[in-house]
Amino acid sequence: MTDDLSRSLLEKVPSLLEEQFASTSKISPMLNEKIHLEKDAKEMAINPEIFSLLKQSNTSRIMIIQNLLDHLQMEIATNDADLVLTPCYVYAWNKATQDSFFKCLSTRMTDNCLKSREVTLKFEKHSVDMQALANLLPVITDGDWGEVPFNLDTYCHCLNTQTMGKVVMYVDVIPSTMNIFDGMMFQISNDIGVICIAGQQSAGKGRGGNNWLSPQGCAMFSTLIKIPLGSELGRRPGFIQHIASLAVVQAVKTMKGYEVSCNVFDMST
């Protein structure tokens, strides 16, 4: 970023700050890493004066986001049309796994509905004329996967696990896959591996109140992992994110055209 552009942005956007070094008269532009350019003024303002100030920078704020995404070669939608939420489809590896899965949920279900803080899951055997909403998700248990833009055959062919991912919940468009587990995480037994996969998210959740950008084509899923606290991994839960990241890298390396070298260092010694 050039000095001229930096100063121009600093003048227009409150999120970009100038720091006056005490030892010199030189002004140095800096970007505060804790800012939330994705947040609207009404989400951040604590009083009318701050709201007015933030609202003035909306155009510049959006411009910065668009420039950053463009630099990452991500397509930017120019319309404000809302995404249409879609039903969820469930697939279990076999009849025994399917029966165990629904038996676990049955203790909390009322009239085929599983309610949680974020969303109510309405289980139906076949597709029904019910619109998916942010707080109501139809879950089709015996639907036609040919209607779903997800290659279940490829998924089953590539999956090589004993438990994880043996129950698939696929939603083409959903606010966040994490919402699915709100009402079931404590009901699912350890021998059932559930994964929720999304084609696109409208309100993906990140840490610290951040939102996930979730365009089509991303690997977006949530899965439930239960690890004994007394185990080696249970005592070091921070390693889970690194193990998951490494698994993704190794999976990509198996694809034709992506056979790249990747060194893994043993840090245990």
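Here the structure is a predicted model, which is why all the values come from computation and not from measurement. (Residues numbered from 1 in each chain as written. Predicted model: local features only at pLDDT ≥ 70, side-chain atom pairs only at ≥ 80, totals over all residues. Heavy atoms only, no water.)

Peer 1: Got a sec to walk through empty space enclosed by the protein? Specific residues and values, please.
Peer 2: To locate leftover empty space, one rolls a probe as large as a water molecule over the atoms. Taken as a whole and assessed by the stated rule, the structure comprises 1 cavity of 30 Å³ or more. In terms of lining, the largest cavity is formed by 14 residues, of which the most central are V119, L133, A134, I174 and P175. If one sorts the elements of the lining of the largest cavity by residue count, strand β7 (residues 167-174) sits on top with 3 residues. Its residues placed into classes, the lining of the largest cavity shows 11 nonpolar, 3 polar and no charged. (1 Å grid on protein atoms, 1.4 Å probe; cavity = no way out; pocket = protein on both sides within 12 Å on 5 of 7 lines; lining within 4 Å. Points joined across faces, edges and corners; volume = space filled by probe spheres on them. Helix = DSSP H or I, 4+ residues; strand = E, 2+ residues; numbered from the N terminus. Nonpolar A, V, L, I, M, F, W, Y, C, P; charged D, E, K, R; others polar.)

Peer 1: Tell me about the nonpolar core, and please be specific about residues and values.
Peer 2: Counting residues in hydrophobic clusters, the biggest one holds 28 residues, and the most contacted among them are F101, L121, L137, M169, I180 and M184. Residue contributions to this core peak at 5 residues, all from β7. Setting aside anything within four residues of it in sequence, one finds M169 in contact with C88, Y89, V90, F101, V139, I180, M184, V194, I195, C196 and I197. Core analysis: the second largest hydrophobic core is formed by 11 residues, V148, L152, Y155 and Y170 among them. (Core = buried A, V, L, I, M, F, W, Y, C linked by side-chain atoms within 4.5 Å. Buried < 20%, exposed > 50% of the residue type's maximum accessible area, 1.4 Å probe, protein only. Contact = heavy atoms within 4.5 Å.)

Peer 1: I'd like a rundown of the pairing of strand β11 (residues 220-223), residues and numbers included.
Peer 2: Side chains M220 and S222 of β11 all project onto a buried face; the interleaved residues F221 and T223 project onto a face where none is buried. Bridge count for strand β8 (residues 194-201) against β11 is 4 bridges, and the pairing is antiparallel. Bridge pairing in β11 links A198 to M220. (Pairing = 2+ DSSP bridges.)

Peer 1: Please set out the pattern of salt bridges residue by residue, giving values where relevant.
Peer 2: Scanning the model with the defined rule gives 7 salt bridges in all. In this structure, E118 engages R117 in a salt bridge whose closest nitrogen and oxygen atoms are separated by 3.9 Å. By relative accessible area, which is 29% here, E118 ends up partly exposed. Between R235 and E232 there is a salt bridge, with its nearest N and O atoms 2.8 Å apart. (Salt bridge = Lys/Arg side-chain N within 4 Å of Asp/Glu carboxyl O.)

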